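# Topology and contacts: notes
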Amino acid sequence: MRRLAIPTLVLALVTGITGVAGSAAAAPAGPSGGGGAGYFTAGSDKKVTLTDGADRRPGGRKAADQQATADETRPGMYIVELAEEPLTSYAGGSAGLARTRPQAGDRLDVTSAPARAYRGHLDAQRSAVAAAAKVQVTAAYTTAFNGFSAKLTAEQVTALRADKRVRAVTASRALGTPTPPPTAPAPGAPAPSAPATPTPGELDQSAGADSAGKPDKPGKPGPGTGAGMVIGVLDTGIWPESASFAKKMPAPANWRGTCQTGVAFVAEHCNGKIVGARYFADSWLAYGGTVPEGEFLSPRDLSGHGTHTASTAAGLPLPNVTIDGRRFGPVSGVAPDAQIAVYKVLWGGMGYDADIIAGIDAAVADGVQVINFSIGSQLGDWEANTPIGIAFLNATLAGVFVAASAGNTGIVSGAISNAAPWVTTVGAAVTKLDEATVKLGDGTKLVGGSLDALPGGDSLPMVFGDQAGSPDLGAVYCEPGSLDPAKIKGKVVACALSDMFGSAAEIKAKGGAAMVVFDPVGNYRINSIFNFPVVYLPTEKQAGELFNYLMRHPTDATASVRAGGDGSSVPGLPSVADFSSTGPDKVTLGVFKPDLVAPGSNVIAAVSPAGNFGRNYDAYSGTSMASPYVAGAAAILRATHPDWSPGTVASALRTTATDTVGTSDPLEQGSGFINLAKATDPGLVIQPTAKELVTFSETAQPDGKELNLPAISLREYDGTRPVSVTRTLTNVGKAKETYRSSVSGLPGMKVTVSPASVTLAPGTSATVTITVRRGSAPWDRYVTGSITWQGKAHSARIPVAARPWGITPRPYADDGEEFGRMTNGAFGSLQPGFTGPFAGRSTGYTPMQRTSYSMPAGVYGGVFDPKATGVKKVDFTVPANSAGIVVETTTDDPNTNLDLYLYKGDKLIYSSDRYWTSTEQAYKFLPEPGRYTAYVFAQYPGGPVVDFQLGHAVIGRNATYAGAKLEAPSTVERGLTYGFTLKPKKPLGDGDFWAYTEWNSNGTVIPGNLVYTQRGSWE
């Protein structure tokens, strides 16, 4: 099923250099053929299995990096990091070469005599290393990274890795957008030969605004304007003619950047608001040969992504912006008086990390105070201390604050990008509803989203695209050319999700009144501007309700479409956007991300008309939009407090953030929603030292919980013992103040803070010890909360997340599905998170109860809805103190495909909907007591009547079933894998059987497994 692409989807990091992977959220499956092929291709089981890519070897960063890339010896583009430190972190020690690393509070001066001398030394060393391996250097780095990029043969890779002057040799990685933004043509599409001028009427300077459908705008976030600060934007470039940048400004003192000219970009485009501009394509050109067709070999932006992020961070205030003739009100960057330095590192939405490092190197040398990096990995970071991460560390040590996007894969827990602890990783929040309501003819109200003017008024006839055109041409998706004008004129047309812009254009051209888009497998809540009445219904539940209404009313369906809703599309405002990537990150146990969330949904900002249908402004959504909000906020804080370090700024933003509506879980919101007004005067700050960060960067398998971060993450810790960490609190206020600690949340955990209160004079610090003991908290699941230090005038809050490791370490996710709990009694396994004596018990085996059912078939290849034909509902009662419920479906009909959904009330507990198999299983480990409902859905019925079997087992935690002998080790060691067996004491009957095991170590009880067997398993 095709999926909606977030217009500003965080860019996908792709390992290797042989190509760019597609989006996991955009599984390419077009419309089904005609006849009996069904409406939709069944989806996958939606259970993504990811493995932890962190290196687990001792020996420091060089050993880790070299080992991790030991197999990468094929010819290609590589990044070579040399052993000596770059200018940002060189602290002296080489004969005749003075320190270049700036002192705390100072800034790097690349023009100083020590910097010039040390750079000359690095240049000589690089030349010697390259000459020894007979390498031609493509790009050289000396400021934030010491090394070079080059095309290498396998023999050269081996030689460089053996050179003691080399720290690491890493295969370069391509970055790219997994799918083209709906608001832009595909990367490489033809672009104007000369810069376009703003469309007349695009910028409305009159007062007032249309109140309907106004999206989130980054204006007026708090005090200050960021004057004197330069924000470096690493992205797709900039559209310099935009009104958001139309102000001549003098360059700040100590600015050392340049204006690099190129195709359609001249020196005059650097007017001071755009204080500098560069582009980096050396590695791209060296390996790929040319930029994509239509791209500008210059800092000019084709896609609009870079222009949007730059104007979000520091665009000028504008009184009223119109898009396609519709007024959207005032727009402003967060720091409107800050200046912008452009570093174009992506080409047609793609680029190499080797070019990105060159951009970071240049930005730091040029003198930016803040960097925005709205680029990331599609499925999150896979290793610590990458070359980009090291470059950002050195930028931070040089006094540059780095904001980066967390990623847009909220559907996959743990897929966090830019997770280095010295980077402020930003998730996206929804801060305005932008709701729209579709009321069907039977009274059903479906609340979705829209940024377009909607007809409202009385109901109109409604038709499903598949019934109004050619299925072979994609009418189910309303593909261009697929619809019959006579069948849609004046009607609301319902379309399955594909290319929304193409579908809207098709309906508009052929006389339709409005479009309602639904996604049969569910998607993110985002909107775009279509210049046509469009409502998007993002959830699978809404898709089922709408689809099955259309099936019941093939000729008399009606609908009214109006702006506004009942608020049900989000928990409240602000809330974490459903597309925003959630933690923990996959790389480290003691650092969780994101750090905080900021507005990132339906943000209006400047774009490139070349890639946005001629528009100069547009609505984008994504953590790409949230990150520049924080970059702008950081610029304001740095202008307000010139002596603040990047760590101080990061702490101030995090400890003053507030809970979003609907969750206080730091795995989703980090520290919470940004509150810039409070961040200007935080009272206390908690920041790691440079030494701590450098040590982290040189560790093969860094943990991070020892870092003095304004958060505590205890993932996979030994829950049989207490764990303690320290945090150092520093008073950055103007008066002496006493702070008293308090703990909230963390149910089942015993948390103490010692000392419980601290009194600090301005500029002084105190270290506190925080001890966490597991009480009744669940094993192998996160428990979250926070610690607050409350003073008379200030308060500082840090989030806490703890997950005690029982018998199975979870790879990273905490998405509600138990990991490693289902096992076979003949060869069960466990991996304890503790060391000590080990004993177990079992309930014995209880049979799964199976019942045969028949139901009338529904629509072939349809969409699940509990009330639809072709769905069987079966209720179960789960008593208190149950170990688990397991539900399974089977059928003897090879032409039938069943799906299985397990609910508790209205809440979906588990779905099993694998493609073209009817053997589905849903379960819940340690379920809450109450009524559960299984829905069996014949997604592809084999005939008019569907016959199937439904089995279920409810396993009591303290029940006694058919006897079984449990064999397991008597002692265990943390992290090792052990086998166990649960053998029936006498032969069992036919069918399937389930049991529960429970373990004990020194009196601590740890829930075990749901164990399966059947007759013959032991024979």
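See the structure printed just above.
Attention here is on the structure that accompanies the text. (Residues numbered from 1 in each chain as written. Predicted model: local features only at pLDDT ≥ 70, side-chain atom pairs only at ≥ 80, totals over all residues. Heavy atoms only, no water.)

## Brief notes about the overall build of the chain
Helix and strand counts for the chain stand at 15 helices and 53 strands. Counting across all 1019 residues of the chain, residues that qualify as buried make up 59%. Of the contacts made within the chain by residues no fewer than 6 positions apart, 75% connect residues no fewer than 24 positions apart. As displayed, the chain has an accessible area near 35300 Å², and 52% of this comes from carbon and sulfur atoms. (Helix = DSSP H or I, 4+ residues; strand = E, 2+ residues; numbered from the N terminus. Buried < 20%, exposed > 50% of the residue type's maximum accessible area, 1.4 Å probe, protein only. Contact = heavy atoms within 4.5 Å. Areas by Shrake-Rupley, 256 points an atom, 1.4 Å probe, with all protein chains shown as cover.)

## A closer look at the sheet that holds strand E3 (residues 139–141)
If you walk across this open sheet you meet the four strands as E3-E4-E2-E5, and the pairing is antiparallel. Sheet topology places E3 and strand E5 (166–171) at the edges, where each strand pairs with a single neighbour. If you compare each strand with its neighbour and ignore which way they point, the axes differ by 25° on average. Alignment of E3 against strand E4 (residues 147–152), held across three bridges, turns out to be antiparallel. By the bridge assignment, Ala139 is partnered in E4 with Ser149. (Pairing = 2+ DSSP bridges. Axes fitted to C-alpha atoms, helices over the stretch in contact; angles between N-to-C directions.)

## Thoughts on the side chain of Ser608
Among the secondary structure elements, Ser608 is positioned in the loop between strand E25 (603–606) and strand E26 (617–620). We classify Ser608 as buried; its relative accessible area is 0%. Apart from residues no more than four positions distant in its own chain, Ser608 is found in contact with Trp239, Asp301, Leu302, Ser303, Gly304, Thr307 and Arg615.

## Quick notes on the packing of helix H6 (residues 353–366) against helix H7 (residues 387–397)
As a packed pair, H6 and H7 sit with axes 10 Å apart at the nearest point and diverge in direction by 5°. One finds that H6 runs roughly parallel with respect to H7. Touching Asp353, Ile356, Ile357, Ile360 and Val364 of H6 are Pro387, Ile388, Ala391, Phe392 and Ala395, all from H7. Along the lines of polarity and charge, the residues of the contact of H6 with H7 split into nine nonpolar, no polar and one charged. (Parallel < 35°, antiparallel > 145°, perpendicular 65-115°, else oblique. Nonpolar A, V, L, I, M, F, W, Y, C, P; charged D, E, K, R; others polar.)

## Details of the side chain of Asn385
Mapped onto the fold, Asn385 is located in the loop between strand E13 (370–373) and H7. Side-chain polar atoms of Asn385 contact the backbone oxygen of Phe696, separated by 3.3 Å. Within the structure, Asn385 has its side chain in polar contact with the backbone oxygen of Ser697 (distance 3.2 Å). (Polar contact = N/O pair within 3.5 Å; in protein donor to acceptor, adjacent residues only side chain to side chain.)

## Describing the state of the cysteines
Under the counting rule described, the total for this entry stands at two disulfides. One disulfide in the model links Cys259 with Cys270; its S-S distance is 2.1 Å. Measuring the twist about the S-S bond at about 80°, one finds the Cys259-Cys270 disulfide to be right-handed. With Cys259 in the loop between strand E7 (230–235) and strand E8 (274–279) and Cys270 in the loop between E7 and E8, the pair connects residues that are eleven residues apart, well separated along the chain. Put simply, Cys478 and Cys495 are joined by a disulfide, and their sulfur atoms are 2.1 Å apart. Every disulfide takes its handedness from the sign of the S-S torsion; for Cys478 and Cys495 that torsion is -90°, giving left-handed. With Cys478 in the loop between strand E18 (460–464) and helix H8 (485–488) and Cys495 in strand E19 (residues 492–496), the pair connects residues that are 17 residues apart, well separated along the chain. Assessed through its relative accessible area of 1%, Cys495 is described here as buried. (Disulfide = S-S within 2.5 Å.)

## Observations regarding the sheet that holds strand E27 (residues 684–685)
Whenever strands of a sheet pair, they do so through backbone hydrogen bonds, lying parallel or antiparallel. Taken in spatial order, the four strands of this open sheet run E27-E29-E33-E31, and their pairing is antiparallel. Bordering the open sheet on either side are E27 and strand E31 (749–754), each of which pairs with just one other strand. Note that E27 and strand E29 (residues 723–731) share two bridges and pair antiparallel. The residue of E29 that forms the bridge with Val685 is Thr730.

## A few points about helix H12 (residues 646–655)
Counting buried residues along H12, ten of its ten residues qualify, which places the element largely inside the surrounding structure. Restricting attention to buried positions, one finds in H12 the residues Pro646, Gly647, Thr648, Val649, Ala650, Ser651, Ala652, Leu653, Arg654 and Thr655.

## Here's the deal with unusual backbone geometry
A negative phi angle is the norm for most residues apart from glycine, just as the trans form is the norm for most peptide bonds. In this chain, Leu573 is followed by Pro574 through a cis amide linkage whose omega measures -10°. Position of Pro574 relative to the elements: it lies in the loop between strand E22 (558–563) and strand E23 (575–576). Here Lys593 and Pro594 are connected by a cis peptide whose omega angle stands at 0°. Within the secondary structure layout, Pro594 lies in the loop between E23 and strand E24 (596–599). One non-glycine residue, Asn418, lies in the positive phi region at around 55°. Tracing the backbone shows Asn418 in the loop between strand E14 (401–405) and strand E15 (424–430).

## Quick notes on the pattern of salt bridges
Inspection of the entire model under this criterion finds 34 salt bridges. Across the pair Lys344 and Glu295 runs a salt bridge whose closest N-O atoms are separated by 2.8 Å. Placement of the pair is Lys344 in strand E11 (residues 339–344) and Glu295 in the loop between helix H4 (282–288) and helix H5 (305–314), with a sequence separation of 49 residues. Glu295 matches Lys344 in its accessibility class, with the two residues each being buried. Between Glu920 and Arg914 there is a salt bridge whose closest N-O contact spans 3.3 Å. Salt bridges sharing partners connect three or more residues here, namely Lys541, Glu545, Asp865 and Lys867. (Salt bridge = Lys/Arg side-chain N within 4 Å of Asp/Glu carboxyl O.)

## Description of the packing of aromatic side chains
All chains considered together, the criterion is met by 26 aromatic pairs. Both rings, one in Tyr287 and one in Tyr352, keep their centres 6.1 Å apart while their planes meet at 85°; by these two values the pair is edge-to-face. A residue pair is termed long-range when its members are at least 10 positions apart, and Tyr287 in helix H4 and Tyr352 in strand E12 (residues 350–352) qualify at 65 residues. Exposure remark for Tyr287: the relative accessible area of 31% places this residue in the partly exposed category. Overall, Tyr352 belongs to the buried group, its relative accessible area being 7%. With a centroid separation of 5.4 Å and an interplanar angle of 90°, the aromatic rings of Tyr903 and Tyr935 are classed as edge-to-face. (Phe/Tyr/Trp six-rings, centres within 6.5 Å; stacked < 30°, edge-to-face > 60°.)

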